[in-house]
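So the chains spell out like this:
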Amino acid sequence: MIKRFLAIAAFALLSSAATLHATDIGATFETSCPFGDCAAGISLSYLGEFVIPTGHVENGVEFGGISGLDFDAATGHYIAISDDRSEKGPARFYELAVDVDGAGLKGVAVVKQVTLKDKNGEPFARRTVDPESIRLGRDGIYWGSEGDGKALIAPFVRVASQDGAFMREFKLPEGFAPTADKSTGIRDNLAFEDLAIAPSGDVFVAIEAALYQDGPAASLVNGSLARIIRYDGTTGEPKAQYVYPISPIPQAAAKADGGNDNGMSEIIALDGHRLLAVERSYAQGVGNNVKIFMIDLDGATDVSAIASLAKTDQRVVPVRKSQVLDLRAAGLVPDNIESVAIGKAKDGSDALILGSDNNFSTSQETQFYAFKILRRPQ
């Protein structure tokens, strides 16, 4: 049974949004010709914000950590994965009902909670998994774990049944597994953050920042070269790898010794070669900055045979990227946006839904934004 929407919270938050944000419902954001290609134009119309406060409990487990989101056309609901490492509850994903139409985003409710299982059919033990992404594929639920660089736990992409049971696992390419000396492999907490499925069934998996052998993570003066793996979705075998150039950190921390970062926190496929990518940055004392880019894989170099991007003499062409939306510049105050889905509003129009990971912190919140898609690439 669908639980009641958080109506009171919705009213208070949506009512206050007009005073907090410069963006009004219906405001339009258009990128007519990304990459100079007017057939790739995209236009979005803002539909509002909804927040579930930290501390909200579902089925005896704290709700939060939403790091991946996808739309299920069969139910009209969304699936959302929590990045809880089986600490507050078992590793899990949710089914959500999102109440959105042309008048705005009115609410988000939890329909059910599903426990993810390991290869032995058991819930994941504490800190053995870090779920970060989720998509609905042809034969099940595709989801990714970031791994744990400090504990030398490799990232993975798996397929689960609707009840969370293990079905199969994709092959991890060479060079991605973490190493104790940090000479190669993923950086801790900067690994498999992104997952997308093309209409063909190909699966794209991206890392949040460069592998150690490929160069530095992003800083205020330099970007970072993240890899996107292209998989055959049927076999789970890697087909290609591409370079995504993450932008430098756009904002310094308020204090000289404050922390800041920038990384790619999610991707979603628009067609066989165009995707949307979310870059999410944070500056201590300032907050989050979130930008959405359209990227195009056509013409990008397959770098799967290049062991180190930092040491290669081969000419490498990265994916093309073009900014579609800057949430702060649009007048919004984004939290830690880590999920994106394309679904349907009640009027049948396409809707872009963004979700944030609150890190189970009382200083953060589980935040959802909705945009009506007025135009997308042809």
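As the structure is a prediction and not an experimental result, all values here were calculated from the model.

K.L.:
Pulling in residues and values, what's your account of the sheet that holds strand β6 (residues 77-82)?
P.N.:
One open sheet holds the 4 strands; their spatial order is β5-β6-β7-β8, and the pairing between them is antiparallel. Looking at strand neighbours, the two that pair on one side only are β5 (66-72) and β8 (104-115), the edges of this open sheet. Shown here is a sheet whose adjacent strand axes are inclined to one another by a mean of 30°, direction ignored. Of the strand pairs in this sheet, β5 and β6 are connected by 6 bridges, and their pairing is antiparallel. If you follow Phe71 over to β6, its bridge partner there is Tyr78.

K.L.:
Give a detailed account of the environment of Ile267, specifying residues and quantitative values.
P.N.:
Position of Ile267 relative to the elements: it lies in strand β17 (residues 260-269). Assessed through its relative accessible area of 0%, Ile267 is described here as buried. Residue contacts for Ile267: discarding those within four places in its chain leaves Arg135, Asp194, Leu195, Ala196, Phe204, Ala206, Leu275, Leu276, Ala277 and Val340.

K.L.:
Tell me about the nonpolar core, residues and numbers included.
P.N.:
In globular proteins that are soluble, nonpolar side chains generally tend to be buried together. One finds Phe204, Tyr244, Met264, Ile267 and Leu275 to be the most contacted residues of the largest nonpolar core, which totals 37 residues. Those elements that place two or more of their residues in this core are β11 (156-160), β13 (192-197), β14 (203-207), β15 (224-231), β16 (238-246), β17, β18 (274-283) and β19 (287-296). Of the residues forming this core, the biggest block, 5 residues, is contributed by β14. If we ignore the near neighbours within four places in the chain, the residues touching Leu275 are Ala196, Phe204, Ile267, Ile268, Ala269, Leu270, Phe293, Met294, Ile295 and Leu297.

K.L.:
Tell me about the pattern of salt bridges, and name the residues and values.
P.N.:
Here the structure, examined in full by the defined rule, presents 27 salt bridges. A salt bridge links Arg375 to Glu30, with the nearest nitrogen and oxygen atoms 3.9 Å apart. Placement of the pair is Arg375 in strand β23 (residues 365-375) and Glu30 in strand β1 (residues 28-31), with a sequence separation of 345 residues. Given the relative accessible area of 51%, Glu30 is considered exposed.

K.L.:
Requested: an account of the layout of surface pockets, with residues and values cited.
P.N.:
Here the largest pocket is characterised by a volume of approximately 670 Å³. Around the largest pocket, the lining comprises 31 residues; the ones closest to its centre are Asp83, Asn189, Asn336, Asp357 and Asn359. For the lining of the largest pocket, the elements supplying multiple residues, two or more each, are β18, β19 and β23. Considering only enclosed or pocket space, the second largest pocket measures out at about 530 Å³ in volume. Looking at the lining of the second largest pocket, the elements that each hand over two or more residues are β5, β9 (131-137) and β17. Broken down by element, the lining of the second largest pocket gets its largest block of residues, 3 residues, from β9. When its residues are assigned to classes, the lining of the second largest pocket shows 12 nonpolar, 4 polar and 6 charged.

K.L.:
Describe unusual backbone geometry, with residues and values.
P.N.:
At Phe35, a residue that is not glycine, the phi angle is positive and equals roughly 60°. Tracing the backbone through its elements, the reader meets Phe35 in the loop between β1 and β2 (42-53).

K.L.:
Could you give me a rundown of the side chain of Arg280, with the residues and numbers involved?
P.N.:
With respect to the helices and strands, the residue Arg280 is situated in strand β18. On the basis of relative accessibility, which here comes to 5%, the residue Arg280 falls in the buried class. Engagement of the side chain of Arg280 in a polar contact is seen with the side chain of Asn336, the distance being 2.5 Å.

The rules behind these values
Residues numbered from 1 in each chain as written. Predicted model: local features only at pLDDT ≥ 70, side-chain atom pairs only at ≥ 80, totals over all residues. Heavy atoms only, no water. Pairing = 2+ DSSP bridges. Helix = DSSP H or I, 4+ residues; strand = E, 2+ residues; numbered from the N terminus. Axes fitted to C-alpha atoms, helices over the stretch in contact; angles between N-to-C directions. Buried < 20%, exposed > 50% of the residue type's maximum accessible area, 1.4 Å probe, protein only. Contact = heavy atoms within 4.5 Å. Core = buried A, V, L, I, M, F, W, Y, C linked by side-chain atoms within 4.5 Å. Salt bridge = Lys/Arg side-chain N within 4 Å of Asp/Glu carboxyl O. 1 Å grid on protein atoms, 1.4 Å probe; cavity = no way out; pocket = protein on both sides within 12 Å on 5 of 7 lines; lining within 4 Å. Points joined across faces, edges and corners; volume = space filled by probe spheres on them. Nonpolar A, V, L, I, M, F, W, Y, C, P; charged D, E, K, R; others polar. Polar contact = N/O pair within 3.5 Å; in protein donor to acceptor, adjacent residues only side chain to side chain.

Any functional reading would require information beyond the geometric quantities listed.
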